[in-house]
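What follows is each chain in one-letter form.
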Amino acid sequence: MLAYIVRRLLYALPILIGVNLVTFALFFVVNTPDDMARMQLGVKRVTPEAIQKWKVERGYDKPLLINAEASGLSTVTDTVFFQKSARMFVGDFGRAEDGRDIAREISGRMGPSLAIALPTFILGLLVTVTFALTLAFFRATAFDFWGVVLCVAMMSISGLFYIIGGQYLISKLWRLVPISGFGAGLEAWRFLILPVVIGVISGIGSSTRWYRTIFLEEVGKDYVRTARAKGLPETVVFFRHVLRNALIPILTGVVVVIPLLFMGSLLTESFFGIPGLGSYTIDAINAQDFSVVRSMVFIGSVLYIVGLILTDISYTLVDPRIRFE
Amino acid sequence: MMGFQIVVLWSDVLIWLLVAAGVGVGFLIANNPPLLAAWRRVGASRVGMASATVLLVFILIGLLDSLHYRAQLESKAGQKASYAVEVLSVLDALAVPLRSRNEKTYSEPFATRLYSKETIDVPGQGSVRDYPRLKYGGKHLGEREDEVAADAGFTAFRAAGLAFVGWAMLAALAAAVVARGSAMAEASGWQRIWRGETVFAWDAVLITFGFILLCIVPLFWLAGQYHVFGTDKVGQDVLYQVLKSVRTGLIIGLVTTLVMLPMAVLLGIVAGYFRGWVDDVIQYIYTVLNSIPGVLLIAAAVLMMQVVIDTHPEWFSTAAERADLRLLALCFILGITSWTGLCRLLRGETLKLRELEYIQAAQAFGVSSWRIIVRHILPNLMHIVIISLVMDFSGLVLAEAVLSYVGIGVDPTMTSFGTMINNARMELGREPVVWWSLAAAFSAMFILVLAANLFADAVRDAFDPRAT
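If you're wondering where the values come from, they're calculated on a predicted model, not measured in any experiment. (Residues numbered from 1 in each chain as written. Chains lettered and ligands numbered in written order. Predicted model: local features only at pLDDT ≥ 70, side-chain atom pairs only at ≥ 80, totals over all residues.)

1. Quick notes on the overall build of chain B
Going by this rule: Think of it this way: any DSSP run of H or I at least four residues long counts as a helix, any run of E at least two long counts as a strand, and we number them from the N terminus. The exposure scheme places C-beta atoms from the backbone and then counts, for each residue, the other C-beta atoms within 10 Å of its own, assigning buried at 20 or more, exposed at 12 or fewer, and partly exposed in between.
The number of helices and strands found in chain B is 16 helices and five strands. C-alpha atoms of chain B, sized along the principal axes, occupy 100 × 70 × 55 Å. Per-residue burial for chain B yields a buried fraction of 40% across its 468 residues.

Printed below as a string of structure tokens:
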């Protein structure tokens, strides 16, 4: 098991290097640091000296890949690539435009992001799996039909509508919970409940439909027919056999997003003013803070790759037929 | 006679190219019995055809909005003709009443007065603070301002009557087509449609079309006298903005698939067919792209593109061209981030196909790899490609709104559902609430996406071999 995990981690390394190269190419080759400086400084103050100063302050004045002037190891290390991209591997993300340390900012903002994303994820999974199970149980009835119609309608509504509509109805019209903001400690639930509920509702449509097809696929299998043939009542067939077997693809399918929960949600966090990583990213995009966006891209890919590894491990845990070889 | 100069934007070229490709594929399908049979199944599906009718109306609006020109400015005789900076489309020309009748600021749907109070000079009473009359909305009513409901209702009723006449004519046409197609003359075409006996779901098409006509004709009739969906902050008619947004949504949904399709198909098949190091390289590329969270990759790419556009203002002669190029760049970026899923599917399917006997036989006969791919593998993957194309469309239209909100979507000057929502979002805080812009944008988007989703389901049911 341990050897398997280590091997998977080693597989991940070339992918991370690839991600790093892609972001490096995007941020430094498509546009030169001069272009970025001009953009950041605005149109009025662009003098060659100002650009040079901006670049020196942020360490963009070095050569991109190979520093011919330096000697020894620093031909490679004293470059933009090494200083800005390669050092992300050890968790050094540098500083944002406002001078704050990005790594510290990220670790501080993970908490609020998780406070929204984790309940949304768990509640959402419970609600959608239950709904899908009910639909599959009453398959080929009017209830199933209208349930699917509801799902298709719900997945055709923009996610923005759920947020804007929910905020308007519940916070502004009925004044049940604050419209946005975040509090620490026990009082935080008042701020959390609305984004979580909206997050759950907006995910219902597509997930329910997806899980319903998984359930239906499982219902058509031979072992279900055997279970019925030996005289088990339909409820037992459903909850003891179908549910358990269908949960395997459902659970292994959602494992990949668990690490990404740390990243938070861009939309929810910015609408509800939650100081998490999602709103951090949006602010960085709006302020065109390239170093923050670059760091978030890197962290996002690391978390995704962790999710892939977790998926593989979870397969082997729930399905004994799959071995680590 | 006003002259004009035809302007061809890149997105126009692509969208008409897509239309041409659609016609071409149509001919290919007509000569390919299995594909034709699958499309016949789509045609038999009532829900599928009803949603296709709705989609067709949207596409028609989008196509009308994709023929651009610049109007000639008035000039003295002998002078060289000069053209307006503003790039207009055929849709703009058709919707002149909507485009040109701008109020000062917000006004509610069917309002005759402005949303905010102003100081008005009333002859004989000096200046009063009141809601001023709209310049255009309900102008024909004159003093009878309280009769809006009656007037609008009567006009809508008349227009609906006209819509019904139009619909009846189309229905008669459809009946004639059905009657010609059937050799047996025991029931007239009309009766067969009515009883739902036709193979093609004519009944669904006619009912949907009747419903659309019943909505659209009164809507546009009234739009000449009122602001049916109200006006926005700068007094522009919201209905006009909705019409303009359709093209943006369609381009994002269609051109993106045009970008991702060649990559996904080519790389997926090549990886699955040749295996070995080719497969390793292609898998590596799509794993790397896949592991970057989509929104962040798009954000990074759009930010970079913005720097390129801002530092090269000399590339664009009009603002429309700049917005257009940004739209295409967005499509391109969305395509780059979304081809991996289809590519993986096609690779897996090709891996299965290449082990089948008829491919092995072809290989044994010495048929070249390229020929095997084109003749034997590609046609057998078509159903996957078609299903994933129609399934992606609705997701892309929805994504545009979110991206525009985040600030990495289309150019702010370009009308789209996203920019409409973004501009109207803050106005919910006003008292009384300015809801009409948001409502119009969300409803139009909902109808478009719902139709696309339902159509996609019908296509999937018809093409998926597992379903039957």
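After that view of the structure, there is still more to cover.
2. So, the overall build of chain A
To keep things clear, this is the line we draw: Using C-alpha atoms as the atom set, the radius of gyration is obtained and then compared with a globule rule of 2.2 Å times the number of residues to the power 0.38. C-beta atoms are first placed from the backbone for all residues, and any pair lying within 7 Å is then listed as a contact.
Scanning chain A from N- to C-terminus turns up 14 helices and zero strands. Mapped from its N terminus to its C terminus, chain A presents α and β elements in the order α-α-α-α-α-α-α-α-α-α-α-α-α-α. A compact globule built from 325 residues should have a C-alpha radius of gyration of about 20 Å, whereas chain A, at 25 Å, is more than 25% larger. Seen through its C-alpha atoms, chain A measures out along the principal axes to roughly 85 × 60 × 35 Å. Across the 325 residues of chain A, 33% fall into the buried class. Within chain A, residue pairs in contact and separated by at least 24 positions form 65% of the contacts whose partners lie at least 6 positions apart.

3. Quick look at the packing of helix α3 (residues 46-64) of chain B against helix α8 (residues 202-223) of chain B
All names here are of chain B. Short version of the rule: Each axis is a line fitted through C-alpha atoms, and for a helix only the stretch in contact is used; angles between axes span 0 to 180 degrees, taken between their N-to-C directions. It is the rotation of the near helix from the far one that decides the hand of a crossing: anticlockwise by less than a right angle makes it left-handed, clockwise makes it right-handed. Polarity classes work like this: nonpolar for Ala, Val, Leu, Ile, Met, Phe, Trp, Tyr, Cys and Pro, charged for Asp, Glu, Lys and Arg, and polar for all others, with Gly in that last group.
The interhelical angle for the contact between α3 and α8, taken along N-to-C directions, is 35 degrees, at an axis separation of 8 Å. With respect to the hand of their crossing, α3 and α8 are arranged in right-handed fashion. Across the interface between the two elements, Arg46, Met49, Ala50, Thr53, Val54 and Val57 from α3 touch Ala204, Val205, Thr208, Phe209 and Ile212 from α8. Class assignment for the residues of the contact of α3 with α8 results in eight nonpolar, two polar and one charged.

4. A look at the sheet that holds strand β2 (residues 68-71) of chain B
All names here are of chain B. Under the convention used in this document: Here a strand pair is declared whenever DSSP counts at least two bridges between the two strands.
Spatially, three strands are ordered β1-β2-β3 in an open sheet, and the strand pairing comes out antiparallel. In the strand order of this sheet, the two ends are held by β1 (4-7) and β3 (88-89), each with one partner. The pairing of β1 with β2 spans four bridges and is classified as antiparallel. Across the sheet, residue isoleucine 6 finds its bridge partner in β2, namely tyrosine 69.

5. Side note on helix α1 (residues 10-30) of chain B
Residue and element names in this part refer to chain B. Selection rule: Here the expected length of a helix is defined as 1.5 Å per residue gap, with one fewer gap than residues. Directions are taken from the helix axis to each C-beta atom, and the arc is the one they span.
When the terminal C-alpha atoms of α1 are compared, their 30 Å separation across 21 residues agrees well with the 30 Å that a helix rising 1.5 Å per residue should span. Here α1 has its buried residues at Ser11, Asp12 and Ile15. One side of α1 carries all its buried residues, which in axial view fall inside an arc of 120 degrees. Turned more than 90 degrees away from the buried face of α1, the exposed residues are Val13, Leu17, Ala20, Ala21, Gly24 and Phe27. Against β2, α9 (238-274) and α12 (319-353) lie the buried residues of α1.

6. Observations regarding the packing of helix α13 (residues 277-286) of chain A against helix α14 (residues 290-318) of chain A
Residue and element names in this part refer to chain A. We count it as follows: The scheme is simple: roughly parallel for angles under 35 degrees, roughly antiparallel for over 145, roughly perpendicular for 65 to 115, oblique for anything else.
Viewed as axis vectors pointing N to C, α13 and α14 meet at an angle of 140 degrees, and their least axial separation amounts to 8 Å. Taken as axis vectors, α13 and α14 run oblique relative to one another. The interaxial crossing formed by α13 with α14 has left-handed handedness. Contact residues: Tyr280, Thr281, Ala284 and Ile285 in α13; Val292, Val293 and Met296 in α14. By residue class, the composition of the contact of α13 with α14 is six nonpolar, one polar and no charged.

7. Things to note about the pairing of β2 of chain B
Bridge count for β2 of chain B against β3 of chain B is two bridges, and the pairing is antiparallel. Paired with histidine 68 of chain B across the strands is serine 89 of chain B, a residue of β3 of chain B.

8. A word on the confidence of the model for chain B
Any segment with low pLDDT has predicted coordinates that should not be analysed in fine detail. Let me state the cut-off plainly: pLDDT measures the predictor's confidence residue by residue and takes values from 0 up to 100.
This prediction gives chain B a mean pLDDT of 85; 96% of its residues lie at or above 70. This complex was scored by the predictor with a pTM of 0.90 and an ipTM of 0.87.

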